[in-house]
Amino acid sequence: MPHDPVDLRSDTVTRPTPEMRRAIAEAVVGDDVFKDDPTVQELERLAAEITGTEAGLYVPSGTMGNEVAILTHTQRGDEAIVDFDSHIYNYETAGPAVLSGVQLAPIRTDNRMLRAAEIEEAIRPDDEHLPITRLICLENTHNRKGGMVYSIEEMRRIRDLAGKRGLRVHLDGARIFNASAASDIDVKEYCSLCDSTMFCLSKGLGAPIGSMLVGGSEFIGRARRNRKLLGGGMRQVGILAAAGIYGLRHNVGRLPEDHRRARQFAEGLSRIDRIDIDLDTVQTNIVVIDVEKSGLTVDETILLLEKNGVLVVPFGRTTIRAVAHLDIDDEDVTQAISVFGKVFSTIR
Ligand code: TLP
């Protein structure tokens, strides 16, 4: 029988385990728009407790969590400062413009994280010609920067700046538990520096769907209304929230395994000719691989790998991305390294 492909496209591809499916099957449910779903309420309480915030809101996706946060923090015509490489700027189909009437001010940072000093320069003076800078959006870990972790000192500087200039800070913490596992800094500490945080249940934590928006009670109250506005009010959704609770209780502690495997994979690939990897950026579960020296295009590389049973995604003009997750074990890593070795050794 042919082997299942080693699927390194994203940590979103995990399938619920039998134990998670049991939690789903046994969930007590009610209509959550009527606030009648005890499992959703338990998940929202748990998310608030783990992040040290006042309240949580269950949303269908990370994108909706970010967009609800932006809609709740801003008014039409405001500006939000973001990293040029952020998910919000690149992968949310212009959501801030379409849904909130907000202009993004993207700052180019190349291979490092956005700094307080750069944000300060981008804040608009008070002038009737100009948009009002209202919000700073951070991302931790940073997807397009290969899963890099934010320095807590820099985040503190950004918090201080935001406090002084009356700005709000939203954290796209889709992978905040990966950041915490890598840095040993409690998720509570990251969240304490932000007015709102979104994190995903459907990535490293292995749930089939769902993200959480957490923050102050007043903010989450208004966010709940905006979730409804965007069509994210759900009914007997405790069956899905149960998977999120299961992920938070059982899958946070194992994230260092993904990080160890990503590193092992990256080190294996770095020994293969014509593959370039910046091992310094491999801090969590994401590996960005530069294939330029092979003379192959990104599409050709992906096709060759796929034919040999390894799935990855395009990431840039000359780069592809591989992600370790719950459904990848040590054998998969060894297998993937050997497939890369084979594919790259056959290139003339
Ligand atoms: N990222 C996905 C793709 O959209 C690129 C992936 O495979 O990594 N913030 C960050 C930092 C993310 O990486 C993602 C998803 C989201 C937000 C959005 O989450 P979803 O996919 O649940 O809308």
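Calculation notes
Residues numbered from 1 in each chain as written. Predicted model: local features only at pLDDT ≥ 70, side-chain atom pairs only at ≥ 80, totals over all residues. Heavy atoms only, no water. Buried < 20%, exposed > 50% of the residue type's maximum accessible area, 1.4 Å probe, protein only. Helix = DSSP H or I, 4+ residues; strand = E, 2+ residues; numbered from the N terminus. Contact = heavy atoms within 4.5 Å. Core = buried A, V, L, I, M, F, W, Y, C linked by side-chain atoms within 4.5 Å. 1 Å grid on protein atoms, 1.4 Å probe; cavity = no way out; pocket = protein on both sides within 12 Å on 5 of 7 lines; lining within 4 Å. Points joined across faces, edges and corners; volume = space filled by probe spheres on them. Nonpolar A, V, L, I, M, F, W, Y, C, P; charged D, E, K, R; others polar. Domains from an automatic or database assignment. Phe/Tyr/Trp six-rings, centres within 6.5 Å; stacked < 30°, edge-to-face > 60°. Pairing = 2+ DSSP bridges. Axes fitted to C-alpha atoms, helices over the stretch in contact; angles between N-to-C directions. Near = heavy atom within 4 Å. Polar contact = N/O pair within 3.5 Å; in protein donor to acceptor, adjacent residues only side chain to side chain. Areas by Shrake-Rupley, 256 points an atom, 1.4 Å probe, with all protein chains shown as cover.

Caption draft 1: Fine view of helix 8 (residues 176-183). All of the buried residues in helix 8 are I176, F177, N178, A179 and S180. Where helix 8 is buried, its residues touch helix 2 (38-51), strand 6 (168-172), helix 9 (187-192), strand 7 (196-200), helix 11 (238-250) and helix 12 (255-270). The positive-phi residue at the C-terminal boundary of helix 8 is D184, with phi of around 65°.

Caption draft 2: How the structure looks around the nonpolar core. Grouped together as the largest cluster of nonpolar side chains are 51 residues, with contacts concentrated most on Y58, L138, Y190, F199 and L201. Sequence-distant contacts of L201, that is, excluding residues within four places in its chain, are made with L43, Y58, G206, A207, I209, G210, S211, M212, G244 and L248. Counting residues in each nonpolar core, the second largest holds 30 residues, with I302, V310, A336 and F340 among its members.

Caption draft 3: Fine view of the layout of surface pockets. Space inside the largest pocket adds up to approximately 440 Å³. If you trace the largest pocket, you find 20 residues lining it, with D110, N111, R144, K145 and V288 closest to the centre. When its residues are assigned to classes, the lining of the largest pocket shows six nonpolar, six polar and eight charged. Viewed by domain, the lining of the largest pocket spans two of them, domain 1 (18-250) and domain 2 (254-345), each represented by three or more residues.

Caption draft 4: Quick look at the packing of aromatic side chains. Applying the stated criterion across every chain yields a total of four aromatic pairs. Ring plane angle 50° and centroid distance 5.5 Å describe the contact between F84 and Y89, whose orientation is recorded as tilted. A relative accessible area of 34% means that Y89 is categorised as partly exposed. Judged by centre distance (5.7 Å) and plane angle (75°), the rings of F265 and F340 are edge-to-face. Of the two residues, F265 sits in helix 12 while F340 sits in helix 14 (residues 330-345), which places them 75 residues apart along the sequence. In terms of burial, F265 and F340 fall into one category: buried. Here the aromatic cluster, defined as three or more aromatic residues joined through ring pairs, consists of F265, F340 and F344.

Caption draft 5: Geometry of the sheet that holds strand 4 (residues 103-107). Reading across the sheet, the seven strands line up as 2-8-7-6-5-3-4 and stay open at both edges, with mixed pairing between neighbours. Strands with a single pairing partner mark the edges of an open sheet, and in this sheet they are strand 2 (55-59) and strand 4. Across the sheet, the mean angle separating the axes of adjacent strands is 20° when strand polarity is ignored. Packing of helix 2 onto the sheet brings it into contact with strand 2, strand 7 and strand 8 (211-215), and relative to strand 2 it is tilted by some 125°. Against the sheet, helix 3 (residues 62-73) makes contact with strand 2, strand 5 (132-139), strand 6, strand 7 and strand 8, and its axis sits at roughly 170° relative to strand 7, the strand it touches most.

Caption draft 6: View of empty space enclosed by the protein. Within the structure shown, the criterion is met by three cavities of 30 Å³ or more. Considering only enclosed or pocket space, the largest cavity measures out at about 70 Å³ in volume. Lining the largest cavity are 14 residues, and of these L8, A262, F265, V323 and A324 lie nearest its centre. If you list the elements that add at least two residues to the lining of the largest cavity, you get helix 12, strand 12 (319-323) and helix 14.

Caption draft 7: Layout of the site of the ligand. Neighbouring residues of the ligand: 15 residues in total, closest S10, G62, T63, N143 and D172. Contact distances for the ligand include 3.0 Å between an oxygen atom and a side-chain N or O atom of H87. One nitrogen or oxygen atom from the side chain of R175 is found 2.9 Å from an oxygen atom belonging to the ligand. The fraction of the free accessible surface of the ligand (510 Å²) that becomes covered by protein chains is 80%. Among the elements that make up the shell around the ligand, the one with the highest residue count is helix 3 (three residues).

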